[in-house]
Amino acid sequence: MSTASGVNATAPQSAPANLPRRRFVNILLGTGLLASAASFLYPILRYLVPPKLPDLAGDAVLAARVPEMKPNTAKTFRFGTRPGLLVETATGEYRAMSATCTHLGCTVQYRPDLREIWCACHNGMYDLNGRNISGPPPRPLEAFEVQVRGDDIFVRRKQEA
Amino acid sequence: MNRVRGLVTWRRRAGLVLAALLVCSGLMVFAQTKNSCLDCHSNLPEPLGVSAETYSQNIHAQKGLTCAACHGGDASADDPEKAMSRAAGWKGKINRKQIPELCASCHADAERMKKYNPGLRVDQFQQYKTSVHGMKWAKDDGKVAVCTDCHGVHDLRAPSDPRSTVHPTNIATTCSHCHADAEYMKPYGIKTDQFANYEQSVHHDAMVVRGDLSAPTCTTCHGNHGATPPGVANVTAVCSNCHVFQAQLFETSQHKDVFATMGLPGCVTCHSNHAIKHPTDEMIGTGPKAVCTNCHIVGDAGATQAEAMHNQLTELAAAIAASDELLGRAERQGMEVSQAKLQAAQARDALLKARVTVHAFRDSELKRDTDAGLAVTRQTHAAGEKAMEEWKFRRVGLGLSVVAIAIVLVGLGLYIRNLEQK
Amino acid sequence: MASPANSIRQWLDERFPLDDLKALAQKKKVPLHRYSYWYFLGGMTLFLFGVQALTGALLLMYYRPGADEAFESVQFIMTQVQFGWLVRSVHSWSANLLVFMAFAHLFSVLFLRSYRKPRELTWVSGILLLFLMLGFGFSGYLLPWNTLSYFATKVGTEIPAQIPIIGRPVLLFLRGGEDITGSTLTRLYGFHVAILPAVATLLIGLHLALIQWFGMSVPPGIEAEWQTRPERKREIRFFPNFVLRELMAWYVALGLLGALAALFPWSLGVKADPFASAPAGIKPEWYFLAMFQTLKLIPAKLLGMDGEMLGILTFGVIGAVALLLPFLDQEKPFNTRRWIPGLACVFLGYMTVMTVYGWVAK
């Protein structure tokens, strides 16, 4: 530490010759403090502003809205890191399941003409409960729970009792 | 008078009890199905020896059938003379030629089989007679396969048992006992490399390594009891049982009629029959590993289309690889790219679909699929670049704040110096 | 004449003894000698704790405790919230730096013998604060609810379970049940954001008050020298001279934290799956590694008693010795004073070696 003499100093203020230098230092320090404060405050203020994306309501995912679904149609949505399939049956019921085919992982689709779920890769077929009914798939598609709240259709993993 | 009547009824009662005991013990004997043959034969050396343990694995034994069911004789008799008497129908060692008819004596009898398993087929012998094995057997060929050669004999298990010689995972090995034996197959003039080839195939890999029982083995394409190699015209029908789309597309392609005219066996022409290796994009086009140049000459219409298709596939594959690499790099640098990675799966689906569409052998059709995939990779690549941009932004931001901090440090240092130079 | 600053000052002056406070502040001095640099460590620890409090409060805006939401909320912070990655990474890095600094401060105070009379209670409150910081680290580590944190907590709560009699109740208390579940998360969350901060605030207040009351300690050798040669004594004012220097140190720390957060952002990991088996080579954070590694090396049975239990009891004894160090530092009837620096060196060496060993071991 530099030899400071804060206690013992009784000498008067420095000579005017140092004034421009002192001012320079003060300005430098002030600028630095302001700039660094800004670099801390800017991220914090941006952080406090809530992001635009809709957040998670529990682990339920907003799959679709009621007006965009029609009977005998389906929609692929993102469920976690994998695709999910939301089907509105001809009778207006909603079914949701994993859209990853259990054979080799292709994304399945809904066939309105067959009223079944079909995998284009090797012709695997599943019924509307996700059960594998024909073709190579060895296991059913994982079925999800559907909850309709107002106009929003939420999908989440089946809750074990 | 009463004493006599009392005696009569006492005897009757005793007689009833005795009869009941006899019946019960008789029933007990019946339930255990006494198999006296094993008493001696379980201790005898080969070839007469059959251990009780081996026989207990036999599905017939488990259903209550004794040795006598096939060999005749009296399995309840302890005396070998009685047990193995011709009078009791004892046949001794069954002649090879007689085996199919012996088995069929039960297995072709619907009424009898219904009692054991109503779901079992009863036409195996009928089918056998139409097969190559069956037809040769009918002409007294003693080398050809009969029932026991494939199913085993004393340790014969149900086909659903993984240890059975005819369980799907074991069938190829069972067939290879003869069909891979060059010496044995010499009189027939057919190749013996099928098993070796099959072992290299993707079907073998699926069945034996991955345990996928839906994968084909010898009997899937050749049939089991009515085993016959599929005719040239029928090969496509066999493959199309699973590979539906490829077959449908092939039917719409120019190759269908051309192959038929040239007597080429459909799918096997390009993919081989037993050594069906995992197909690669290199099979299409005019490159060193391509199969198209087996018929096409570079520059002709077909070869040109083949080249175009090859380029489309490799372009999409390369775009996917590039996008994956970029996303991987971004992720390793701490950026979150899970949404883009999910989308990338769609591009991979498109490539998978394109590799099926290839079988239409029209590059215009293939282009639809590859273009769809490329649209996705463009998006995922853009997402990856955005992530890298963000990463750069962070470094720039860090740089700026470090500069600001450095200014403060210098400023403070000077300020302190000023303060203390009084 | 009545500038805004002056009118405010006057307003305050009419209500509070501003001049007295100013005089008090001017009086505070910091001794200058060849060990004076070590005086920075305490303030640095306090500063880092402040960073934790600020970033922690910010994280509270978006974090959701609960097994089905915690991981996703941290993912949300890292990916969707503007500069969320920065706040979270600074929080995680600063936590590690804070524990390191707390230990550095402890050892500097120990070797400079600042715990001597009359500063015994300052030392005791400091040791308690160290335990609190370790508690903060342990409870906070579970909050992201990823594989590492789940299993680290599992292993970490099993260790105190070895203590005889109270071990199992302690385990149930920490876990909120038999296993690590959402209840554990909620419980440790409560500790991390409410209970521990409240206690820490009180203890820090006490610690600082005691420091103000007793002034800065001077190492015995220097003190003796200054007594014989008073003209050698050097001091600087706390306000503004020492404070400005400390500000420089804090700015360096800020820069370091920013660099670490930007260049090595804290990883998200994989969401915890209680049914999956523990990944190979699971180990706790570095400040628990020495304990962890020691327990791994202790043989199953030692002197006829359960090895792990012996290890834990030893840690307990060491903790008690640390807490009561000022009272164990004596010259009469036994000269324990001579042994303390040596033992502390051995202990420090052992901790360092064990930490490194634990780090590189598979």
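Throughout, a residue's number is its position along its own chain's written sequence, starting from 1. Both sets of labels track the order of writing: A upward for chains, 1 upward for ligands. Restriction of local features to residues with pLDDT of at least 70 applies here, the model being predicted, together with a cutoff of 80 or more for giving and counting side-chain atom pairs; totals for whole chains, interfaces and linings are based on all residues. Derived side-chain values reflect all non-hydrogen atoms in the structure, with water molecules and hydrogen atoms excluded from consideration.

**Things to note about the overall build of chain A**
Secondary structure follows DSSP: runs of H or I at least 4 residues long count as helices, runs of E at least 2 residues long count as strands, and numbering of each begins at the N terminus. Helix and strand counts for chain A come out as 1 helix and 10 strands. Put simply, chain A runs from its N terminus to its C terminus through helices and strands in the order α-β-β-β-β-β-β-β-β-β-β. Only protein chains enter the accessibility calculation, which uses a 1.4 Å probe; a residue whose area is less than 20% of its type maximum is buried, one above 50% is exposed, and one in between is partly exposed. Taking all 161 residues of chain A together, the buried fraction comes to 32%. Sequence separation of at least 24 residues holds for 38% of the intrachain contacts in chain A that already meet a minimum separation of 6. Residues count as neighbours in contact if any of their non-hydrogen atoms are within 4.5 Å of one another.

**Let's talk about the overall build of chain C**
Across its full length, chain C holds 15 helices and 4 strands. When each of the 362 residues of chain C is scored for burial, the buried share is 43%. Look at the contacts in chain C between residues 6 or more apart in sequence, and 75% of them connect residues 24 or more apart. In these tables, accessible area is a Shrake-Rupley quantity obtained with a 1.4 Å probe, and a residue counts as shielded only by the protein chains included in the view. As presented, chain C carries roughly 19,200 Å² of accessible surface, and 70% of it is formed by carbon and sulfur atoms.

**Overview of the interface of chain B and chain A**
Facing the 25 residues of chain B at the interface are 29 residues of chain A. Both sides together, the interface formed by chain B and chain A hides about 2,500 Å², and carbon and sulfur atoms give 65% of it. Just to be clear on terms, a salt bridge is a Lys or Arg side-chain nitrogen sitting within 4 Å of an Asp or Glu carboxyl oxygen. If you look at where chain B meets chain A, you find 0 salt bridges. Here a polar contact means two N or O atoms within 3.5 Å. Within protein one must be a hydrogen donor candidate and the other an acceptor candidate, and residues neighboring in sequence count only if both atoms are side-chain atoms. Taken together, the connections running from chain B to chain A amount to 1 residue pair in polar contact (both at pLDDT 80 or more). For the side of chain B that touches chain A, the secondary-structure elements that each account for two or more residues are helix H18 (244-252), helix H22 (338-357) and helix H23 (363-420) of chain B. No other element matches H23 of chain B, which puts 13 residues into the side of chain B that touches chain A. Looking at the side of chain B that touches chain A, its residues break down into 15 nonpolar, 6 polar and 4 charged. Two parts placed together each lose some accessible area under a 1.4 Å probe, and adding up what both lose gives the buried area. Put simply, Ala, Val, Leu, Ile, Met, Phe, Trp, Tyr, Cys and Pro go in the nonpolar bin, Asp, Glu, Lys and Arg in the charged bin, and everything else, Gly too, in the polar bin.

**Here we look at the nonpolar core**
Residues Tyr47 of chain A together with Leu48, Tyr63 and Trp145 of chain C are the most contacted members of the largest nonpolar core, which totals 55 residues. The residues touching tyrosine 63 of chain C, leaving out its near neighbours within four places in the chain, are Ala70, Ser73, Val74, Ile77, Leu143, Leu185 and Tyr189 of chain C. One finds Phe107, Leu110, Leu134 and Phe138 of chain C within the second-largest nonpolar core, a separate group that totals 19 residues. What makes a nonpolar core is a set of buried Ala, Val, Leu, Ile, Met, Phe, Trp, Tyr and Cys residues whose side-chain atoms join them at distances within 4.5 Å.

**A short note on the confidence of the model for chain C**
You can read pLDDT as the predictor saying how much it trusts each residue, on a scale of 0 to 100. Per-residue pLDDT for chain C averages 90, and the proportion of residues at 70 or more is 99%. Reported for the predicted complex are a pTM of 0.69 and an ipTM of 0.83.

**Observations concerning the side chain of serine 85 of chain B**
All names here are of chain B. Mapped onto the fold, serine 85 is located in the loop between helix H6 (80-83) and helix H7 (99-107). Judged by its relative accessible area of 18%, serine 85 is buried. At 3.3 Å, the side chain of serine 85 forms a polar contact with the backbone oxygen of lysine 82.

**Thoughts on the pattern of salt bridges**
All names here are of chain C. Counted by the stated rule, this structure contains 39 salt bridges over all chains. Residue arginine 232 is joined to glutamate 225 by a salt bridge in which the shortest nitrogen-to-oxygen separation is 3.1 Å. For arginine 232, a relative accessible area of 41% translates into the label partly exposed. A salt bridge links arginine 337 to glutamate 331, with the nearest nitrogen and oxygen atoms 3.5 Å apart. Bridged by salt links that share partners, the residues Arg113, Asp329, Glu331 and Arg337 form one connected network.

**Here we look at the sheet that holds strand E6 (residues 116-119) of chain A**
Sheet strands associate in pairs through backbone hydrogen bonding, adopting either a parallel or an antiparallel arrangement. Residue and element names in this part refer to chain A. By this definition, two strands are paired if DSSP reports at least two bridges between them. As summarised here, the arrangement of the 4 strands in space is E5-E6-E7-E8, forming an open sheet in which the pairing is antiparallel. Edge strands, defined here as strands with exactly one partner in the open sheet, are strand E5 (109-111) and strand E8 (132-134). Geometrically, the sheet is characterised by an average inter-axis angle of 40 degrees between neighbouring strands, direction not taken into account. All axes are obtained by fitting lines to C-alpha atoms, using only the stretch in contact for helices, and the reported angles, taken between N-to-C directions, cover 0 to 180 degrees.

**Quick notes on the pairing of strand E9 (residues 143-149) of chain A**
Residue and element names in this part refer to chain A. Inspection of the sheet shows strand E4 (residues 94-98) paired to E9 by 2 bridges, in the antiparallel sense. Each residue of the ladder has a partner; that of methionine 97, found in E9, is alanine 143. In terms of strand pairing, E9 meets strand E10 (residues 152-157) through 6 bridges, oriented antiparallel. Among the inter-strand pairings, phenylalanine 144 is bridged to a residue of E10, identified as arginine 157.

**Regarding unusual backbone geometry**
Omega for the bond connecting glutamate 46 of chain B with proline 47 of chain B falls within 30 degrees of zero, at -5 degrees, which places this linkage in the cis form. Among the secondary structure elements, proline 47 of chain B is positioned in the loop between helix H2 (37-41) and helix H3 (52-56). At the junction of phenylalanine 239 of chain C and proline 240 of chain C, the peptide bond is cis and its omega measures out at -5 degrees in the coordinates. Relative to the helices and strands, proline 240 of chain C is located in helix H11 (residues 238-263).

**Some thoughts on the state of the cysteines**
Residue and element names in this part refer to chain B. Counting rule for disulfides: a pair of cysteine sulfur atoms within 2.5 Å. In this structure the tally under the stated criterion is 0 disulfides over all chains. With no disulfide of its own, cysteine 67 lies 3.8 Å from the sulfur of cysteine 37, the closest cysteine sulfur. Here cysteine 270 is not cross-linked by a disulfide; its sulfur's nearest cysteine counterpart is in cysteine 292, at 6.8 Å.

**A few points about a nonpolar patch on the surface**
Patch membership requires over 30% relative accessible area and the absence of a salt bridge. Like charges are linked within 9 Å, and nonpolar side chains (Val, Leu, Ile, Met, Phe, Trp, Tyr) within 5 Å. The grouping of Leu297, Val356, Tyr357, Trp359 and Val360 of chain C at the surface amounts to a nonpolar patch, some 530 Å² of accessible area in total. Within the secondary structure, tryptophan 359 of chain C sits in helix H15 (residues 339-360).

**Quick look at the interface of chain C and chain B**
Taken together, the contact between chain C and chain B spans 19 residues of the former and 18 residues of the latter. With both chains or domains summed, chain C and chain B bury close to 1,700 Å², and 75% of this area falls on carbon and sulfur atoms. When the area that chain C buries against chain B is broken down by residue, the three leading residues are Leu244, Met248 and Tyr251 of chain C, summing to 30%. Viewed at the interface, chain B and chain C are joined by 1 salt bridge. Note that arginine 245 of chain C is salt-bridged to glutamate 420 of chain B, the shortest N-O span being 2.7 Å. Between chain C and chain B we count 2 residue pairs in polar contact (both at pLDDT 80 or more) in total. Where the side of chain C that touches chain B is concerned, the elements lending two or more residues are helix H4 (70-79) and H11 of chain C.

**Some remarks on the packing of aromatic side chains**
Only Phe, Tyr and Trp rings are paired, with Trp represented by its six-membered ring, and only when their centres lie within 6.5 Å; those with planes under 30 degrees apart are stacked, over 60 edge-to-face, the remainder tilted. The final tally for this structure, using the stated rule, is 30 aromatic pairs over all chains. With centroids separated by 5.6 Å and ring planes inclined at 80 degrees, the aromatic side chains of tryptophan 118 of chain A and phenylalanine 245 of chain B adopt a geometry described as edge-to-face. In this pair, tryptophan 118 of chain A is assigned in strand E6 and phenylalanine 245 of chain B in helix H18, connecting two distinct chains. Exposure remark for tryptophan 118 of chain A: the relative accessible area of 13% places this residue in the buried category. Residue classification places phenylalanine 245 of chain B among the buried residues on the basis of a relative accessible area of 15%. Ring geometry for phenylalanine 47 of chain C against tryptophan 250 of chain C: centres 4.9 Å apart, planes inclined by 15 degrees, an arrangement best described as stacked. You can see phenylalanine 47 of chain C sitting in helix H3 (residues 40-60) and its partner tryptophan 250 of chain C sitting in helix H11, a full 203 residues away along the chain. Clustering of aromatic rings is evident, with ring pairs tying together Tyr37, Phe40, Phe238, Phe239 and Phe242 of chain C.

**Quick notes on the packing of helix H1 (residues 19-48) of chain A against H3 of chain C**
Remark: H1 of chain A packs on H3 of chain C, axes separated minimally by 10 Å, with the N-to-C direction vectors making an angle of 25 degrees. Classed by the angle they form, the pair H1 of chain A and H3 of chain C counts as roughly parallel. Considering only the axes of H1 of chain A and H3 of chain C, their crossing is left-handed. Contacts between H1 of chain A and H3 of chain C involve Ile44, Tyr47 and Leu48 of chain A on the former and, on the latter, Leu54, Leu58 and Leu59 of chain C. Should an angle fall under 35 degrees it is called roughly parallel, over 145 degrees roughly antiparallel, and 65 to 115 degrees roughly perpendicular, with every other angle called oblique. Helix crossings are classified by the rotation of the near helix relative to the far one: an anticlockwise turn of less than a right angle makes the crossing left-handed, while a clockwise turn makes it right-handed.

**Let's talk about the environment of asparagine 335 of chain C**
Residue and element names in this part refer to chain C. Secondary-structure assignment places asparagine 335 in the loop between helix H14 (325-328) and H15. Within the structure, the side chain of asparagine 335 is placed 3.2 Å from the backbone nitrogen of arginine 337, a separation counted as a polar contact. Only 3.4 Å separates the side chain of asparagine 335 from the backbone nitrogen of arginine 338, close enough to count as a polar contact.

**Let's talk about the sheet that holds strand E3 (residues 82-88) of chain A**
Residues and elements named next belong to chain A. Strand order across the open sheet formed by 6 strands is E1-E10-E9-E4-E3-E2, with antiparallel pairing between neighbours. Every interior strand has two partners, whereas the edge strands, strand E1 (61-65) and strand E2 (73-79), have only one. Within this sheet the neighbouring strands show an average axis-to-axis angle of 30 degrees, counted without direction.

**A closer look at the side chain of serine 125 of chain C**
Residue and element names in this part refer to chain C. Tracing the sequence through the fold places serine 125 in helix H6 (residues 120-142). For serine 125, a relative accessible area of 1% corresponds to the buried category. Side chain to side chain, serine 125 and histidine 207 meet in a polar contact 2.8 Å long. Residues in contact with serine 125, not counting those within four places in the same chain, are Leu203, Leu206, His207 and Leu210.

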